[in-house]
Amino acid sequence: MKKIRVGIIGTGIGATMHLHGFKLHHKFEVVGIYGRNKTKVEKIAKKYKIKNYSTVHQLISSPEIDLVSIASIPKFHFKQAVLASKFNKRVILEKPMCMNEREAFALSKIFKKKGLFNAIVHEHRFDPAKEYLKNIIKQDKLGEVRSVEIYKDMTYWHDPILGRKFYWYSCKADGGGVTFSHLSHQIDFLMYIFGKVKLKWGLAFTECGWRYDVNGKRHKQTADDNCWACFEAKNNNKVIPCLINISATRVKKIDLININFSGGRYKIFSPQKIKIFNSKDKAITNKIPQKYLGKNDSKNYSLNSFVRLLDNYYSFYYQNGRKKITDFSDGVIIQKFLDQLISS
């Protein structure tokens, strides 16, 4: 089978993640890219010897493109994906899926009706640490799951002057904020491990209400920089509380997932770093079996997980493999939870 020809929209994560990930995968070929920053996109196109499309429409309508990888800012996702569907293009869409559940539902319905292959970029479900966790639960190696705690503290918005500058990510109307960008991944993780989940309560809020742009001008920040949520999952009909705490305004970074079992604990520190404790809270191992680590195409662990997402995308749609990706129907569920948090 010929390689799947890819066109990428976006020069942010589109260039750092999507472009590199597709180039690392032998089943895909990046044909071209579009970006609003013309200087940046020209450099990328020249460096990787790919076509520089002048408009979104030109890229999507091109007969040279089989699959459109959308990595633009969230407020453009719906419009660009709908346009792709009109040209019968397959789509891989960066998270969050859309700006609201209404858009997500409409998009899912369109792609289902036309039978167009689709996926959302929730690559972290394919982190080795999470794949191994899924097996431990399945094999009942640590007993029953009792609770889940997720803590993600970041520092990039702690200082409004020295921290990350004001740009679209600071604007709610553009789809910015930690709920869309980070909570979406955590919800997807819970859905991947446990299946159905319920939102019990949640709160998205802004601690730092202003920020400077690159020119020193002060702006109001409308996007949330913190979110708290409690979900309820089930395993073997047992209710499992799942607490999530995400912040971009802390002075120290913390990235930790703690899964409490009746027979111990499973702690995730990074995509490939874990520690397992027994029932007496004694560490028994910090190693992930090699079969879960797979081939590392890059030192960037997130990029490796993106390549694994592409593996599973290809397996599911082209080889009749088991569904493990997050598709648009899953995205509607995630979007519903995000809407509930954003409106809280």
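Summary of the structure given here. Worth saying up front: this structure is predicted, and the values here are computed from it rather than measured.

1. Examining the state of the cysteines
Alright, step 1. Tallied over the entire structure, the rule returns zero disulfides.
Alright, step 2. Cysteine Cys230 shares no disulfide, and the gap to the nearest cysteine sulfur, in Cys242, comes to 7.3 Å.

2. Topic: the packing of aromatic side chains
Alright, step 1. Applying the stated rule across the entire model yields 22 aromatic pairs.
Alright, step 2. On the basis of an interplanar angle of 35 degrees and a centroid distance of 5.0 Å, the ring pair of Trp157 and Tyr169 is categorised as tilted. Taken together, the residues span a long stretch of sequence, with Trp157 in the loop between strand E7 (145–153) and helix H7 (178–194) and Tyr169 in the loop between E7 and H7 at a distance of twelve residues. Tyr169 shares its class with Trp157; the two are buried.
Alright, step 3. Consider the rings of Tyr313 and Tyr317, whose centres lie 5.0 Å apart with planes at 65 degrees: the pair is edge-to-face. Here Tyr313 and its partner Tyr317 are both found in helix H9 (residues 301–318), four residues apart, which amounts to about one turn of the helix. Neither residue differs from the other here; Tyr313 and Tyr317 are each classed as buried.
Alright, step 4. Chaining the aromatic ring pairs together yields one cluster made of Phe22, Phe28, Phe117, Phe306, Tyr313, Tyr314, Phe316, Tyr317 and Tyr318.

3. Notes on the sheet that holds strand E2 (residues 28–34)
Alright, step 1. The sheet built from six strands is open, its strands ordered E3-E2-E1-E4-E5-E6 with parallel pairing. Pairing within the sheet leaves two strands with one partner each, and these edge strands are strand E3 (51–52) and strand E6 (118–121).
Alright, step 2. In this sheet, E6 lies alongside strand E5 (residues 90–94) in parallel orientation, the contact comprising four bridges. Bridging from a neighbouring strand, Ile92 pairs with Ala119 of E6.
Alright, step 3. Against the sheet, helix H4 (residues 77–86) makes contact with strand E1 (4–9), strand E4 (67–70) and E5, and its axis sits at roughly 180 degrees relative to E4, the strand it touches most.
Alright, step 4. Contacts from H9 reach E1, E2, E4, E5 and E6 within the one sheet, and its direction differs from that of E6 by about 165 degrees.

Cut-offs applied
Residues numbered from 1 in each chain as written. Predicted model: local features only at pLDDT ≥ 70, side-chain atom pairs only at ≥ 80, totals over all residues. Heavy atoms only, no water. Disulfide = S-S within 2.5 Å. Phe/Tyr/Trp six-rings, centres within 6.5 Å; stacked < 30°, edge-to-face > 60°. Helix = DSSP H or I, 4+ residues; strand = E, 2+ residues; numbered from the N terminus. Buried < 20%, exposed > 50% of the residue type's maximum accessible area, 1.4 Å probe, protein only. Pairing = 2+ DSSP bridges. Contact = heavy atoms within 4.5 Å. Axes fitted to C-alpha atoms, helices over the stretch in contact; angles between N-to-C directions.

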